[in-house]
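# Architecture and fold: a report
The chain contents come next:
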Amino acid sequence: GAVGVDVAVDGLVAMSEDIKPKDYVKLAMWTGNLLMRAKALSKKVGGVSEKVAELRVTLEKAFEALEYYQQTRANAELRGRAIKEIRNSAPPEMPKLAGWKPPVEPKFPPEDEAKVFMNFAGRCLGFGSRAPQPGELSETRRGELAPAPPRLEVDQARAKEESEKYGDKYWPARDPEKDGMFGPSPSFKRIRSIIR
């Protein structure tokens, strides 16, 4: 800061006076203050020096990478274009093996062959396209047609009878008393009523 005339005059007048012990105390205090400031400044300068060194290493690596990019730019662009062309191009055709011949396609698909065979066997045995029922093979001679199939109601009744005969008696059935929810089977209900 600026020093006024009065302060300068007082300082010059004080210099002509004798040195006193308080002057040594002030000098020691000023010297200690300057020493502490110098230590703090030294720490700050050390921190700045470390940051500058780290920044220098970072910049060196960045310039090395930039120089490497400039040297290999042409090769990298060529490689990128080649990869793009390979990915967008159609797949190459498979090479033909020596002595290999494609398999001959059958005249009929497998399911048609089975159907043709069943029709042929039915015509030979005289059953037509309908599958023979049990007991019809011994009663029908070759060249004769099998009897007509039963009516739908009779066939459904026969299927229901067979399902009741071979079905599980204890399979849970829908109970009308429980709004159609699954409940115990009728056989289980009969057994429970007998035990009670």
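Residues numbered from 1 in each chain as written. Predicted model: local features only at pLDDT ≥ 70, side-chain atom pairs only at ≥ 80, totals over all residues. Heavy atoms only, no water.

Quick look at the pattern of salt bridges now. Considering all chains together, one arrives at two salt bridges under this definition. The salt bridge involving Glu60 is made with Arg56; its shortest N-O contact spans 3.4 Å. With Glu60 and Arg56 both in helix α2 (residues 21-88) and four residues apart, the pair spans about one turn of that helix. Among the residues examined, Glu60 registers a relative accessible area of 39% and is labelled partly exposed. Note that Glu77 is salt-bridged to Arg73, the shortest N-O span being 3.2 Å. With Glu77 and Arg73 both in helix α2 and four residues apart, this pair spans about one turn of that helix. Overall, Glu77 belongs to the partly exposed group, its relative accessible area being 37%. You can call Arg73 partly exposed: its relative accessible area is 45%. (Salt bridge = Lys/Arg side-chain N within 4 Å of Asp/Glu carboxyl O. Helix = DSSP H or I, 4+ residues; strand = E, 2+ residues; numbered from the N terminus. Buried < 20%, exposed > 50% of the residue type's maximum accessible area, 1.4 Å probe, protein only.)

Glancing now at the confidence of the model for the protein. Taken as a whole, the protein shows an average pLDDT of 78; of its residues, 79% reach a score of 70 or greater. Here helix α4 (residues 136-139) stands out as the element of the protein with the lowest mean pLDDT, 48, in contrast to α2, whose mean of 90 is the highest. In the model, residues 135-140 has pLDDT below 50 throughout and makes seven contacts with residues more than four positions away in sequence or in other chains. (pLDDT = per-residue confidence, 0-100. Contact = heavy atoms within 4.5 Å.)

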